[in-house]
Amino acid sequence: MRRVYQEKTTLVTACLLASTIAAAPAAAQERVEVGSAASVAGDVTLDNDQLRRPVDVERGRRIAWGDLIRTKKNSQMQILLLDRSNFGIGQRSRVRIDRYVYNPNEGRSLIGSLIKGALRFFSGSEEGENTAEVSTPAGRIGIRGTAVDMLVGEKAEDIAEDEDFVGSVRSDDDEATFVVLRGPGPGALSGLTPGLAEVTGADVTVILDEPGLAAYIPRKGAAPIGPFRISNSGLARVQDQISPRWARSFGDGGIPDEVLIGTAAAGILGVLLGTRGDGDDGDQTSSDNSNNTATGRSDRTCEDANGNRIPCPPIR
Amino acid sequence: MSILLFRVFVPAALLAASAPVSAQSFEDLDALLERTADEEQGIATAREQVDRGELLEALATLERVLTIFPKSAEARFNHAMLLCWIDDPQGGLVEFERLDEDDYEPGALEQARATCSTATQDEEE
């Protein structure tokens, strides 16, 4: 699986390079604009190599390759890209669009970075071949036609370690990465293609292929823990980070009891799905298991270094 | 207030799902953003996107509305319902649990919660 994934990544990179060359601006410093600030609330700034200091972001501002977006507490913004994909950036976040190439007839390639905070990605047009990849300090998330939530940092650590499936692990609160697939699922209306997210850390890839499945990378050099079904309370806390203004608008200062009640049941479901980490098991860097691919279903198989299907060994 | 707006329009979306409309220029983006700067227009735009089968884009549109109008009862309700329709009933139910019964017609939230987990299958049949 890893080999396939790497080949795909290489292909995407090659295509991006080719596209970059073909579309190279006349001046090296010219901005390659890829989208607009669709909504802005609170304290949101933008910085890049051409600016002397960060500038405030207002609705409608063009966003370009290399722009670093920062949001502060209770602040958020949404970037609408040319193919109508969306980056919903939550509070206390740092996000950058590193590369974006879009051809309405051929599709879209996107590479971004979530350095800190919360990010929700909605894919846009399904026309053509579309790829997206988001890098974090601990790993990377490959996204195919989906809605996916991603957290990096202290909140990722807090939320993940409150999940029974994850428990207490050695995490780095600057690098911890938490990912939840939101949809579309196979039962979605309108014939939407079911979404899929590949969460990779330390050369181990976990596949999220059902809404509500999550994975956690506790630190750089650690393998993802999961997939597991996120609890209702965990999901509500993720939502609060991505949409702080929406969360605060309820004025109740917390998650209602009805949401918390579902936590235990979801935790039990999580035990039935995929792999889990215990204690310090996040370091899956040995060659013995570097090609493991864990999935949300027990009948999936992994692939060895030669691409042959083999039973998935347990990750301990 | 037509809080069950999308439930009425989803069957139409199923028929029209083969005709997506994609932005190809900044002019297209600007026009879309203009329509979503206002609560009522934003919700109407999301409804049009549902009609075209663009459920993820409709969700994003409602999130733009909720960024500016976070207390919009109609946007809150329809956002939760759209999560159900993309087959994320857990996400939809988590959001429905936060809504206030007093903001909606009697029984509306109860009905929405009851149908959320089965909404996709019902519409497909």
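Scroll up to find the structure.
What this report covers is the structure whose coordinates are included nearby.

Considerations on the overall build of chain B
Of regular secondary structure, chain B possesses 8 helices and 0 strands. Element order for chain B, N to C, with α for helix and β for strand: α-α-α-α-α-α-α-α. Residues classed as buried in chain B amount to 54% of the 125 residues present. For chain B, the computed accessible surface area is about 5,100 Å², with 50% contributed by carbon and sulfur atoms.

What about helix α2 (residues 154-161) of chain A?
Because each turn of an α-helix spans 3.6 residues, side chains separated by three or four positions in sequence point in the same direction. If you check which residues of α2 of chain A are buried, you get Ala156, Glu157, Ile159 and Ala160 of chain A. Buried positions along α2 of chain A lie against β12 (147-152), β13 (177-183), β16 (213-217) and α3 (232-242) of chain A.

Things to note about unusual backbone geometry
A cis amide bond links glycine 183 of chain A with the next residue in sequence, proline 184 of chain A, at an omega value of -5 degrees. In this structure, proline 184 of chain A sits in the loop between β13 and β14 (196-201). Backbone torsion omega between glycine 226 of chain A and proline 227 of chain A reads 5 degrees, so that peptide bond is classified as cis. Assignment of secondary structure puts proline 227 of chain A in strand β17 (residues 225-229). A positive phi angle, close to 70 degrees, is found at arginine 84 of chain A, a residue other than glycine. For arginine 84 of chain A, the location among the structural elements is in the loop between β6 (76-81) and β7 (86-89). Despite not being glycine, aspartate 87 of chain B shows a phi value in the positive range, around 75 degrees. Looking at where aspartate 87 of chain B falls in the secondary structure, it is placed in the loop between α5 (73-85) and α6 (89-96).

Looking at the packing of helix α2 (residues 26-35) of chain B against helix α3 (residues 39-51) of chain B
All names here are of chain B. Axis separation between α2 and α3 bottoms out at 7 Å; the angle between their running directions is 125 degrees. Viewed along their axes, α2 and α3 adopt a mutual orientation that is oblique. Here Leu32, Glu34 and Arg35 of α2 lie close against α3, whose contacting residues are Gln41, Gly42, Thr45 and Gln49. Partitioned by chemical class, the residues of the contact of α2 with α3 number 1 nonpolar, 4 polar and 2 charged.

Some remarks on the side chain of arginine 76 of chain B
If you trace the backbone, arginine 76 of chain B turns up in helix α5. With residues near it in sequence (within four places) discarded, arginine 76 of chain B still touches Trp246, Ser249 and Phe250 of chain A together with Leu66, Pro70, Lys71, Glu95, Leu99, Asp103 and Tyr104 of chain B.

Here we look at the interface of chain B and chain A
Every contact between the two is made by 51 residues of chain B and, on the other side, 60 residues of chain A. Taken over both partners, the interface formed by chain B and chain A buries close to 4,500 Å², and the fraction arising from carbon and sulfur atoms is 58%. Looking at the side of chain B facing chain A, the largest losses of area belong to Phe26, Leu56 and Arg98 of chain B, adding up to 18% of the total buried there. Scanning the region where chain B abuts chain A turns up 6 salt bridges. A salt bridge links glutamate 57 of chain B to arginine 84 of chain A; its shortest N-O distance comes to 3.5 Å. Joining chain B to chain A, the criterion identifies 18 residue pairs in polar contact (both at pLDDT 80 or more).

Thresholds applied
Residues numbered from 1 in each chain as written. Chains lettered and ligands numbered in written order. Predicted model: local features only at pLDDT ≥ 70, side-chain atom pairs only at ≥ 80, totals over all residues. Heavy atoms only, no water. Helix = DSSP H or I, 4+ residues; strand = E, 2+ residues; numbered from the N terminus. Buried < 20%, exposed > 50% of the residue type's maximum accessible area, 1.4 Å probe, protein only. Areas by Shrake-Rupley, 256 points an atom, 1.4 Å probe, with all protein chains shown as cover. Contact = heavy atoms within 4.5 Å. Axes fitted to C-alpha atoms, helices over the stretch in contact; angles between N-to-C directions. Parallel < 35°, antiparallel > 145°, perpendicular 65-115°, else oblique. Nonpolar A, V, L, I, M, F, W, Y, C, P; charged D, E, K, R; others polar. Buried area = accessible area lost by both parts, 1.4 Å probe. Salt bridge = Lys/Arg side-chain N within 4 Å of Asp/Glu carboxyl O. Polar contact = N/O pair within 3.5 Å; in protein donor to acceptor, adjacent residues only side chain to side chain.

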